[in-house]
Amino acid sequence: MGLSEPNPRVGCVIRTDTRVIGQGHTQQRGGPHAEVMALADARERGHSLRGAEVFVSLEPCAHVGRTPPCTQALIHAGVGRVWVALLDPNPLVSGQGVAQLRAVGIAVEVLPVDSPVALAARALNIGFLSRMVRGLPWVRLKVAVSLDGKTALPDGSSQWITGPAARADGHAWRARAGMVLTGVGTVLADDPLLTVREYAVARQPALAVLDSQLRTPPSARLFAAERRITFLHADPAGLPPEDAAAMAVRAAALQAKGAQLVSAGAHGGVDLALMLRWIATQEVNELHVEAGPRLNGALLAAGLVDELLVYMAPRLLGAGRDLAAFGPLASLSDAPSLRWTDTTPVGDDLRLRAVVAQRDSF
């Protein structure tokens, strides 16, 4: 988790009879995959791999990418049977891994898609599957709210609605994302770092800021961390000349801080669907959104959120800022339909996870 991106998160265990002789997981980009790590582990322990059973959470790759094919490593090792939890929808694999192994006489068993292990493997790699099948990252919107659904007092005060355990748990979810997305409103109001600070990580997730007019000041704290930062902005071509010139000055200041600027819309705004397609081209599997009610509402209204990650505190704020600003709806039938996937106490708070109905059925 947080290591293999943009590759899928894969684990492999090898056994003979009832004894585990090797195990491994996919390493960093360009590093060995899970099968190669497990084979090497078994060899280092002095075990023979001839006829061994291999259990892998995703179909072994069958193509030359950043590393050689895992199918060839398994074939050369002489294993006897491979159990696969989940087929790989990557067009470069997509059944070819299973076919290559079977072609040389290695027995391959693929678990039913509704088996608990297959479902767990799918949940672990929901972002990778989303990018391969839909051409979009899996969009997870994270918020901390009071029992009456408020994210802040009317003046914007929000530190801290939830307790330390919930905040640490939120950092774990931030860490597993390939990119964190926020809006310029949050940057200007809170001056956040938006880094992973509760856990040691191999890399900080990239950061994207939706900032149509490039209003983020170069002094913002988000520049304090070493990571890739992208500002998604509107095309200045439609602006009055003086506004376009001022925007060019702000753009130069942000670029001087090492930021990447990407035009993702016109007419003074950003096309959210276009933005997500661009993010997918950056090999981002999971997009973690931590923003204010305006951006949250826009993403929800456009049907672009896949999952909500909500930390609910046992307190009431009364008047305050909402989780998302959208609507009003014409009828209850227009409300987004969600399915609960997790309700877990975290410290004094409650973690709620809900997926948009049918969104994870690809």
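This text follows the structure it describes.
Predicted model, so just to flag it, every value in this text is computed and none were measured.

I would appreciate a short explanation of the overall build of the protein in the present structure.
Assigned secondary structure in the protein consists of 10 helices and 16 strands. The C-alpha radius of gyration computed for the protein amounts to 23 Å, which stays within 12% of the reference 21 Å derived for 362 residues, consistent with globular compactness. Sorting the 362 residues of the protein into buried and exposed places 48% on the buried side. Looking at the protein alone, contacts between residues at least 24 apart form 72% of all its contacts between residues at least 6 apart. With an accessible surface of roughly 16,700 Å², the protein has 55% of that area assigned to carbon and sulfur atoms. One finds the centroid of the 35 positive side-chain charges in the protein at a distance of 3 Å from the centroid of its 33 negative side-chain charges.

Hey, could you run me through the layout of surface pockets in this one?
A probe matching the size of a water molecule, rolled over the atoms, marks out where space remains unfilled. Estimated volume of the largest pocket: approximately 1,400 Å³. If you trace the largest pocket, you find 49 residues lining it, with T186, D190, E290, A291 and G292 closest to the centre. Looking at the lining of the largest pocket, the element that brings in the most residues is helix α6 (residues 164-175), giving six residues. Along the lines of polarity and charge, the residues of the lining of the largest pocket split into 21 nonpolar, 17 polar and 11 charged.

So what exactly am I meant to see when it comes to unusual backbone geometry here?
For residues besides glycine, phi is generally negative; the peptide bonds are generally trans as well. With omega at 5°, the peptide bond leading from E5 into P6 counts as cis. Secondary-structure assignment places P6 in the segment before β1 (11-16). At D191, a residue that is not glycine, the phi angle is positive and equals roughly 50°. Secondary-structure assignment places D191 in the loop between α7 (184-190) and β9 (206-210). Phi is positive for L214, close to 55°, though the residue is something other than glycine.

In this structure, what is going on with the pattern of salt bridges? I would like to understand it.
Side chains bearing opposite charge may pair, as long as their charged atoms lie close to each other. Under the criterion given, the structure shown has 19 salt bridges. D41 is the partner of R45 in a salt bridge, and the nearest nitrogen-oxygen pair spans 3.0 Å. For the salt bridge of D306 with R134, the shortest nitrogen-to-oxygen distance reads 2.9 Å. Here D306 is found in the loop between α10 (293-301) and β13 (307-312), whereas its partner R134 is found in helix α5 (residues 126-134), with 172 residues between them in sequence. Connected through salt bridges with shared partners, the residues E5, R9, R140, R176, R203, E286, E307 and R353 form a single ionic network.

Would you explain the packing of helix α2 (residues 70-77) against helix α3 (residues 96-103) in this entry?
Helix packing geometry: the angle between the two helix axes and the distance between the axes. Relative orientation of the contacting elements α2 and α3 amounts to 20°, with a least axis distance of 10 Å. With respect to α3, the element α2 is oriented roughly parallel. Considering the relative orientation of α2 and α3, their crossing is right-handed. In this structure, α2 contributes T71, Q72, L74 and I75 to the contact, and α3 contributes G97, Q100 and L101.

What counts, and at which threshold
Residues numbered from 1 in each chain as written. Predicted model: local features only at pLDDT ≥ 70, side-chain atom pairs only at ≥ 80, totals over all residues. Heavy atoms only, no water. Helix = DSSP H or I, 4+ residues; strand = E, 2+ residues; numbered from the N terminus. Rg over C-alpha atoms; globule rule 2.2 N^0.38 Å. Buried < 20%, exposed > 50% of the residue type's maximum accessible area, 1.4 Å probe, protein only. Contact = heavy atoms within 4.5 Å. Areas by Shrake-Rupley, 256 points an atom, 1.4 Å probe, with all protein chains shown as cover. Lys, Arg positive; Asp, Glu negative; His and termini not counted. Charge placed at Lys NZ, Arg CZ, Asp CG, Glu CD. 1 Å grid on protein atoms, 1.4 Å probe; cavity = no way out; pocket = protein on both sides within 12 Å on 5 of 7 lines; lining within 4 Å. Points joined across faces, edges and corners; volume = space filled by probe spheres on them. Nonpolar A, V, L, I, M, F, W, Y, C, P; charged D, E, K, R; others polar. Salt bridge = Lys/Arg side-chain N within 4 Å of Asp/Glu carboxyl O. Axes fitted to C-alpha atoms, helices over the stretch in contact; angles between N-to-C directions. Parallel < 35°, antiparallel > 145°, perpendicular 65-115°, else oblique. Left-handed = near helix turned anticlockwise from the far one by under 90°.

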